[in-house]
Structure formats: structure tokens, C-alpha cells
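The primary structure of each chain is shown beneath.
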Amino acid sequence: MDTDEFEDRLKALRPRLHRYCARMTGSAVSGEDVLQDTLVKALHARAEGAEVDNLEGWLFRIAHNTSLDFLRERSRKAVVPLTEDIEAAPLAEADIVAISFQTFLRLPELQRCAVILKDVLGHSVEEIADIAECSAASAKSALQRGRAALRQLAQEPEDIRLPLMSSSDRQKMTAYVDLFRSGDFDAIRAMLADEVKLELVNRLRLEGREKIGVYFTRYAEETRWRFALGAVEGQPAMLVFDSSGPMERPAHFVLIGWSENRIVDIRDFLFAPYVLEAIDWVRLG
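Definitions and limits used
Residues numbered from 1 in each chain as written. Predicted model: local features only at pLDDT ≥ 70, side-chain atom pairs only at ≥ 80, totals over all residues. Heavy atoms only, no water. Helix = DSSP H or I, 4+ residues; strand = E, 2+ residues; numbered from the N terminus. Buried < 20%, exposed > 50% of the residue type's maximum accessible area, 1.4 Å probe, protein only. Contact = heavy atoms within 4.5 Å. Areas by Shrake-Rupley, 256 points an atom, 1.4 Å probe, with all protein chains shown as cover. Pairing = 2+ DSSP bridges. Axes fitted to C-alpha atoms, helices over the stretch in contact; angles between N-to-C directions. Left-handed = near helix turned anticlockwise from the far one by under 90°. Nonpolar A, V, L, I, M, F, W, Y, C, P; charged D, E, K, R; others polar.

Draft legend 1. A look at the overall build of the protein chain. Helices and strands together make up the secondary structure of the protein chain, namely 11 helices and 7 strands. Residues counted as buried form 47% of the 285 residues belonging to the protein chain. For the protein chain, contacts bridging at least 24 residues in sequence account for 68% of all contacts bridging at least 6. For the protein chain, the accessible surface area stands at approximately 14,500 Å², while carbon and sulfur atoms represent 49% of it.

This is the structure in C-alpha cells:
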């Protein structure tokens, strides 16, 4: 497999890898961060001459270990005890979609891994064992326990996740959204820090206020977008709706990082539609 083919395969597998990372970390946004680390590690290993027989299994093993590293760094603890080792039927696709990322996070790591790989992504028990580096018996047991625990958790009322937004952050994000709505992109450019960073997730990264000017020009040329103040997983966000289609859900969203009143970081998820799957969002204005 040459380099171009390898990178094409990575691109094709990106949505599946994100589905895994998002549920393992309990966050679509954190899942994207872990996915990017996974791909960097994969590209580095490839450059170092790693031999890969099963690319998908190899990538999921890297994603699995990277997710665990991320969770351990955050010092998250599983809160669901092991259930009895009983036979449990697969979770239906409708049930999977309805279960929040945070609910998956309440499962112990191996149970979470097994359920996601089997019921979300369709891997076999043997493939789960290979990815999680455990025995097939352990993988099967974790799958059964995880299914049973998820069914129990799904019956419990969920806590309402209100956005943790200070009045200052809300005012700054409201101003940013209002400027987008009015098309006053010169005013936004005036708010940029000199070393502002732009990430069009899954497409490109730029740094410096002069280099990212075209980003706002492209938005100015596009008339179908509608903008609203919102929160994504508790973070202040600009929700972007597509007026040419159904507007029940945002088409994508933008996260902004601030240093006092200067914009230092823009993360735009326009080219990463897979991140929107079952994401926790709320419209605030």
C-alpha cells in the first residue's frame, strides 16, 4: 500500500474511528481530539516502517489506547459496577443512537470498548479481543455485562447538562454571532489576536490573522448559512444552520477560544459532519 492509498484509507475510516473515540471519551469534541492524535500516531508509525496486515484493526487498537490515555489523564473513574455474567442481546441501532455519550462513559473501559465495537461498529468478538488486547472470553463477558448495564442506565433519568457559561463568555460569544449575522466580518477581524489559530476540522489549519482572512470572506460569499448562539457539550458555540434544508438541527458548529477580548482560537466543524452524531447541543439565542 503506497502513501496516497494509506492516507485515503485513513480518510475513509475517520467517521468510524470518531464514533468509537467519541463514545469512549464521552464527548464528540474530545473524541475528535483523540481521533486526531490517533491519526498522527498512525502516520508516524507508517513513516517509521510499521508493517500493517489489518489496517482497520490496527487503527482501532491505536484509537483504543489513545482514548484510554486521554481518560486516564482526566482521571475519570467508572461508576457502574460489574453485573452478573448473563447473556444479553445486541443493542438495537435506535437504542444506540438514543444513548448519550456520557452514558457510555459510565461503563468500565473494557465493557465500553466491547459494546461500541460490536453494537455500534459491527466488529466480531475476536476483533474486539485483538483491539483491546484481551482474551476472547474476556471480550465476550465484557460485551454481555456492558449491554446489560447500558440497558439499566438508559432507564435512569438523565441530568440536564446546562452550559457552564459565564456572563462574560456569553456576552463575547453573543457579539461574535451577531457580527456573523450582520456580515460585519471586518469587525470580527479586528478582534483577532495576531497569532490566532484556525482549524477547519478534517481539512486544514492556519495561524496568524493575515492568513485566515479568507475564512471570513468565504462565509461572506455563502448565503445559505444561518447563525445562532448556543452551547455544545456545555461549551459556548456558534451553531450554524443550513437554510436550504431542514433546520431542526445545526449543520455544523464553531468553537471560539478567547484571551480577554481577543480571539485566539477558532475551531470550525464544517468539514467534520460525523461529529454531529448524537451531540449534546442547545440553542440559546
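Draft legend 2. The sheet that holds strand β2 (residues 204-207), seen in detail. Reading across the sheet, the 7 strands line up as β2-β1-β6-β5-β4-β3-β7 and stay open at both edges, with mixed pairing between neighbours. Lying at the two open borders of the sheet, with one neighbouring strand each, are β2 and β7 (281-283). Strand-to-strand twist of the sheet, defined as the mean angle between neighbouring strand axes without regard to direction, takes the value 25 degrees. Pairing geometry for strand β1 (residues 192-200) and strand β6 (residues 262-268), over 5 bridges, is parallel. For leucine 198, the partnering residue across the bridge sits in β6 and is isoleucine 266. Sitting on the sheet, helix α2 (residues 28-47) is in contact with β1, β2, β3 (225-232), β4 (235-242), β5 (252-259) and β6, with an inclination near 80 degrees to β6.

Draft legend 3. A look at the packing of helix α3 (residues 55-74) against helix α6 (residues 109-120). In contact at an axis separation of 12 Å, α3 and α6 are set at 140 degrees when each is read in the N-to-C sense. Relative to α6, the crossing made by α3 is right-handed. Together, Phe60, His64, Leu68, Leu71 and Arg72 of α3 and Glu109, Arg112, Cys113 and Leu117 of α6 make up the contact between the two elements. Among the residues making up the contact of α3 with α6, the classes are represented as 5 nonpolar, 1 polar and 3 charged.

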